[in-house]
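Per-entry structural report
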Amino acid sequence: MINIFKKIISTGKVTEKYDDGQVPTRFRGEVVIEDQDCIECQACTKVCPTKAIFIVNDSLHMNHNACIFCGRCVEQCEKKQIKHTDHYKLATLSGSLGDEAGHLLKKKIWSILRRSLHIRHVDVGSCNACDFEMNALSNPIYDVQQYGIDFVASPRHADLLMVTGVVTRNLTQALLMTYEAVPTPKIVIAVGACAASGQVFSQSYALRGAVDEVVPVDVYVPGCPPRPQALLYGLLLAMNKF
């Protein structure tokens with residue numbers, strides 16, 4: 001026991017703020033299209049496995065909710081107009097939190113959740129990559145509890161439903177029952193490209209699709225998988241701590 005205390009003291013504080021960690025040089029973050037009018041070869045749209053890059057009104061557009069950050073579009077772009085950045089803060093608000101008309105509802109939700117947030121995680125068909133990143137939130141490096149956030153075993157004790165994976169037919173009922181069990185007001189976060197877009201395995205007969213095709217989604221956190229810092233950013237965004 002004494003040796004354990006000595007090790008704790010010698011190690012010191014390892015917990016860091018969500019955005020203090022160094023992003024690796026090989027990290028593939030937000031995909032930026034520098035010239036949206038570059039539609040001559042359309043090679044990027046052809047090689048994208050999730051159709052995240054598309055053309056609308058003779059202009060290239062990127063759906064980061066569907067992007068798995070594979071880098072194929074960057075490699076295939078002949079004019080080098082598509083690039084990866086190290087930007088990982090891609091979470092966006094939607095539904096009752098993103099709608100300007102729902103100002104009073106947002107104010108009510110944020111007033112209730114301003115000090116703490118209890119999360120119930122639901123895996124509806126993921127490969128577990130997002131789940132592993134989510135588990136890292138509880139380690140000493142990220143220490144999600146320092147923000148008043150914690151995971152709970154029962155949806156009846158939860159304020160927020162964090163969903164990973166593309167919704168399979170076998171787990172549709174489980175998602176609906178869990179959603180109904182969470183008290184109102186509640187927030188739903190779709191974590192990763194599978195949950196946010198449903199495009200990764202979209203051709204399978206066994207799938208229902210993205211999470212928002214089954215239950216309302218308030219926050220989207222893109223990535224395949226998203227970094228723990230990206231997950232924290234999404235959670236803090238949902239709590240209006242920015």
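That block above? That's the structure.
Residues numbered from 1 in each chain as written. Predicted model: local features only at pLDDT ≥ 70, side-chain atom pairs only at ≥ 80, totals over all residues. Heavy atoms only, no water.

Digging into the overall build of the protein chain
If you tally the helices and strands in the protein chain, you get nine helices and twelve strands. Classification of the 242 residues of the protein chain by burial places 45% in the buried group. Long-range contacts, defined as pairs at least 24 residues apart, comprise 76% of the intrachain contacts of the protein chain with a sequence gap of at least 6. For the protein chain, the computed accessible surface area is about 13,200 Å², with 51% contributed by carbon and sulfur atoms. (Helix = DSSP H or I, 4+ residues; strand = E, 2+ residues; numbered from the N terminus. Buried < 20%, exposed > 50% of the residue type's maximum accessible area, 1.4 Å probe, protein only. Contact = heavy atoms within 4.5 Å. Areas by Shrake-Rupley, 256 points an atom, 1.4 Å probe, with all protein chains shown as cover.)

With respect to the nonpolar core
Ile149, Leu160, Met162, Ile189 and Leu235 are the most contacted members of the largest nonpolar core, which totals 29 residues. When residues in this core are grouped by element, the largest group, eight residues, is from helix H9 (residues 228-238). Here Ile149 is in contact with Leu117, Ile119, Val144, Leu235, Leu236 and Met239, once residues within four sequence places are set aside. Residues Val122, Val124, Val211 and Val217 belong to the second largest nonpolar core, which totals 17 residues. (Core = buried A, V, L, I, M, F, W, Y, C linked by side-chain atoms within 4.5 Å.)

Overview of the sheet that holds strand E8 (residues 160-164)
Pairing in this open sheet of six strands is mixed, and the strands run E5-E12-E10-E8-E6-E7 from one edge to the other. At either end of the open sheet lies a strand with only one pairing partner, and these are strand E5 (92-93) and strand E7 (149-151). Inspection of the sheet shows E8 paired to strand E10 (residues 187-191) by five bridges, in the parallel sense. Paired with Leu161 across the bridge in E10 is Val188. Packed onto the sheet, helix H7 (residues 172-181) meets strand E6 (117-123), E8 and E10 and runs at close to 165° relative to E8. Along the sheet, H9 contacts E5, E6, E7, E8, E10 and strand E12 (219-221); its crossing angle with E12, the most-contacted strand, is approximately 170°. (Pairing = 2+ DSSP bridges. Axes fitted to C-alpha atoms, helices over the stretch in contact; angles between N-to-C directions.)

With respect to empty space enclosed by the protein
Scanning all chains against the criterion turns up two cavities of 30 Å³ or more. Residue lining of the largest cavity: 13 residues in total, with Cys48, Cys67, Phe69, Cys70 and Cys73 positioned closest to the centre. Split by residue class, the lining of the largest cavity holds ten nonpolar, three polar and no charged. Quantified by volume, the second largest cavity comes out at close to 50 Å³. Considered class by class, the residues forming the lining of the second largest cavity number eight nonpolar, one polar and one charged. (1 Å grid on protein atoms, 1.4 Å probe; cavity = no way out; pocket = protein on both sides within 12 Å on 5 of 7 lines; lining within 4 Å. Points joined across faces, edges and corners; volume = space filled by probe spheres on them. Nonpolar A, V, L, I, M, F, W, Y, C, P; charged D, E, K, R; others polar.)

Some remarks on the pattern of salt bridges
One pass over the structure, following the stated rule, counts one salt bridge. With a shortest N-O distance of 3.5 Å, Lys83 and Glu34 are connected by a salt bridge. On the criterion of sequence distance, the pair formed by Lys83 in strand E4 (residues 82-84) and Glu34 in the loop between strand E1 (31-33) and helix H2 (43-47) is long-range, its members being 49 residues apart. (Salt bridge = Lys/Arg side-chain N within 4 Å of Asp/Glu carboxyl O.)

Observations concerning the layout of surface pockets
Taken as a whole, the largest pocket encloses approximately 210 Å³ of empty space. Forming the walls of the largest pocket are 17 residues, and the residues nearest its centre are Phe27, Arg28, Phe69, Cys224 and Pro225. For the lining of the largest pocket, the per-class residue count stands at ten nonpolar, three polar and four charged.

Comments concerning the pairing of E10
Burial analysis of E10 places five of its five residues in the buried class, the great majority of the element. Every second residue of E10 is oriented toward a common face, with Ile187, Ile189 and Val191 on one face and Val188 and Ala190 on the other, all of them buried. Sheet analysis places E10 next to E12, joined by three bridges and oriented parallel. Bridged to Ile189 within E12 is Val219.

Thoughts on H7
Those residues of H7 lying buried are Thr172, Leu175, Thr178, Tyr179 and Ala181. For H7, the elements touching its buried residues are E6, E8, strand E9 (167-168), E10 and strand E11 (207-209).

Some points on the packing of aromatic side chains
On inspection of all chains with the given rule, the structure shows zero aromatic pairs. Taking the ring centre of Tyr179 as reference, the NZ or CZ of Lys186 above it sits at 4.0 Å. Over the aromatic face of Phe27 sits the side chain of Arg227, whose NZ or CZ is 5.0 Å from the ring centroid. (Phe/Tyr/Trp six-rings, centres within 6.5 Å; stacked < 30°, edge-to-face > 60°. Lys NZ or Arg CZ within 6 Å of the ring centre and 35° of its normal.)

With respect to H9
Most of H9 is tucked away: eleven of the eleven residues are buried. All of the buried residues along H9 are Pro228, Gln229, Ala230, Leu231, Leu232, Tyr233, Gly234, Leu235, Leu236, Leu237 and Ala238.

Remarks on the state of the cysteines
Counted by the stated rule, this structure contains zero disulfides. Take Cys194: it sits in no disulfide, and the sulfur closest to it among the cysteines is that of Cys224, at 6.0 Å. (Disulfide = S-S within 2.5 Å.)

Bear in mind that shape data such as this cannot, by itself, settle questions of function.
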